[in-house]
Every structure is written in structure tokens, then in C-alpha cells.
Amino acid sequence: MSSNPHNPRPTGRATEIDPDERTLAEHQPPTPLIDDETPTIRPRVVRTHLSLFVRDPQASAPWYEDVLGMEVTARGPQWVFLSFGKKHHDIALIRAEEGATASGIGLQHYGLEVAGDLDEWRRLYGMLLTKGVPVVKTTDHKVGFGLYFTDPDGNRFEFFHETVTDDEESKRVLGLYGAPSEPFDVEPLYG
């Protein structure tokens, strides 16, 4: 074992024993690795990006350029990086292993908060339908409206139109309604 009790690391030798190791009495809690006086370190996230496995990054990239208005910023034989225009990449498309299939565990959707009013959001709905993009659903989240759709590999995205812009009020509303996702019947706008 490591000499650092806060970061034990097995050495692979079964005969080595940690000199600090002791047997706990029945119902005796283990010694915490971090005591209550140790400040908790939390990340201060500045930017994010998403990496998705796809069948063919080179074939998928034009869909992201056309439907999401992204720009290819870098590419290699197994990957393509795309940007919404403010940073080097927002989405990375990575070639999946041959024969890979989608499973029920993993990313449920990637939400994209869009600028503009409700009519602009409805125009995005019309654009998706015009381009033959599969639309999964439209929902009322009580803090905004969601328009869910899939890319050619079945990855789900959401165009989100926020209606409650104060974050504290949004938290209150989401808690009050239990993070709602109620069906929302809306007509798309074209053009």
C-alpha cells in the first residue's frame, strides 16, 4: 500500500501490509479520509464541451454544420471538432468502435439554450421539420420550452427557449413542479 493514508494505492504484492492498517471492531465506523475541517474543493467550470461517439465523424459533421449552424474547426481520421463560433470546439465527434450500438445508459440529451423569442424557437422547429430531422417531442418545463430532436446517430439534442430568466426563481419553479416535462403542442413556423 502507499505510505499516504489519504491515497492508498495497491502495489500488487499480496504479502505487503500497510503498517497503519487496523481491524475495525464490529459496528466501528472507518476513519474518514477528510475531516470536517478540511475545505471541500469544487471545480469552477468556465467552459464545457461534449464528445459524442458516432459511426462516421466525417459523414456526421455536415449535419452539425447544416442543422446546428456549427463550424468544423479541426479534423483527423477518427474525429471532427465543431464550434458554435465562440471557442475552439463545443462538440467533438469521435468514431465509435465497429459494431457499437446505443445503450440505455449514457447521455439522455444535450440541451442548447437558444437566443431569440418564442417565434424564433418555433422557426427552429420548422427548420428541423423542413430538413427531415426527427423531432422527438416539444415540452413545457415551466421555466422554458424544449424542442427535442436527434442527429443521424440517434444522439438526442434540445433547443431550449428559456422563459424564466432569474436562476433563483427557476430553481424554485423546478422544485415546485418537480422538474416538469409536460407535452407542449406548438405550431412550427416556416421561413
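Residues numbered from 1 in each chain as written. Predicted model: local features only at pLDDT ≥ 70, side-chain atom pairs only at ≥ 80, totals over all residues. Heavy atoms only, no water.

As a further point, take unusual backbone geometry. With a phi angle near 70 degrees, Lys142 is a residue other than glycine that sits in the positive phi range. Position of Lys142 relative to the elements: it lies in the loop between strand S6 (135–140) and strand S7 (144–150). Backbone geometry at Ala179 places phi at a positive 50 degrees, although glycine is not the residue there. Tracing the chain through its elements places Ala179 in the loop between helix H3 (167–177) and strand S9 (182–183). (Helix = DSSP H or I, 4+ residues; strand = E, 2+ residues; numbered from the N terminus.)

What follows is about helix H2 (residues 118–130). Taking 1.5 Å as the rise per residue, H2 with 13 residues should run 18 Å; its terminal C-alpha atoms sit 18 Å apart, in good agreement. Looking at H2, one finds that the buried residues are Trp121, Arg122, Tyr125, Gly126, Met127 and Leu128. Along its buried surface, H2 packs onto helix H1 (57–68), S6, S7 and strand S8 (156–162). Measuring from the side-chain oxygen of the N-cap residue of H2 to the backbone nitrogen of Asp119 gives 3.2 Å; that N-cap residue is Asp117. Two residues or fewer past H2, Gly132 is found with a positive phi of approximately 75 degrees. (Expected span 1.5 Å × (residues − 1). Buried < 20%, exposed > 50% of the residue type's maximum accessible area, 1.4 Å probe, protein only. Contact = heavy atoms within 4.5 Å. Polar contact = N/O pair within 3.5 Å; in protein donor to acceptor, adjacent residues only side chain to side chain.)

Here we take up the sheet that holds strand S3 (residues 79–83). Whether parallel or antiparallel, the strands of a sheet pair through hydrogen bonds between backbone atoms. Taken together, the 4 strands give an open sheet; going across it, the order is S1-S4-S3-S2, and neighbouring strands pair in mixed fashion. For this open sheet the edge positions go to strand S1 (50–54) and strand S2 (71–76), each flanked by a neighbour on one side alone. Strand-to-strand twist of the sheet, defined as the mean angle between neighbouring strand axes without regard to direction, takes the value 20 degrees. Pairing of S1 with strand S4 (residues 91–95), which is carried by 5 bridges, proceeds in the parallel orientation. Across the sheet, residue Val54 finds its bridge partner in S4, namely Arg95. (Pairing = 2+ DSSP bridges. Axes fitted to C-alpha atoms, helices over the stretch in contact; angles between N-to-C directions.)

Summed over the entire model, instances satisfying the criterion amount to 11 aromatic pairs. Measuring from centroid to centroid gives 4.9 Å for Trp63 and Tyr64, while their planes differ by 75 degrees, and the two rings are edge-to-face. Taking relative accessible area as the criterion, Trp63 reaches 13% and is therefore assigned buried. Ring plane angle 20 degrees and centroid distance 6.0 Å describe the contact between Phe149 and Phe157, whose orientation is recorded as stacked. Classification of Phe149 as buried rests on a relative accessible area of 0%. Among the aromatic residues, ring-to-ring pairing joins Trp63, Tyr64, Tyr110, Phe149, Phe157 and Phe159 into one connected group. The ring of Tyr148 carries the charged tip of Lys137 above its face, separated from the ring centre by 4.9 Å. Against the face of Tyr177 rests Lys142, its NZ or CZ located 5.4 Å from the ring centre. (Phe/Tyr/Trp six-rings, centres within 6.5 Å; stacked < 30°, edge-to-face > 60°. Lys NZ or Arg CZ within 6 Å of the ring centre and 35° of its normal.)

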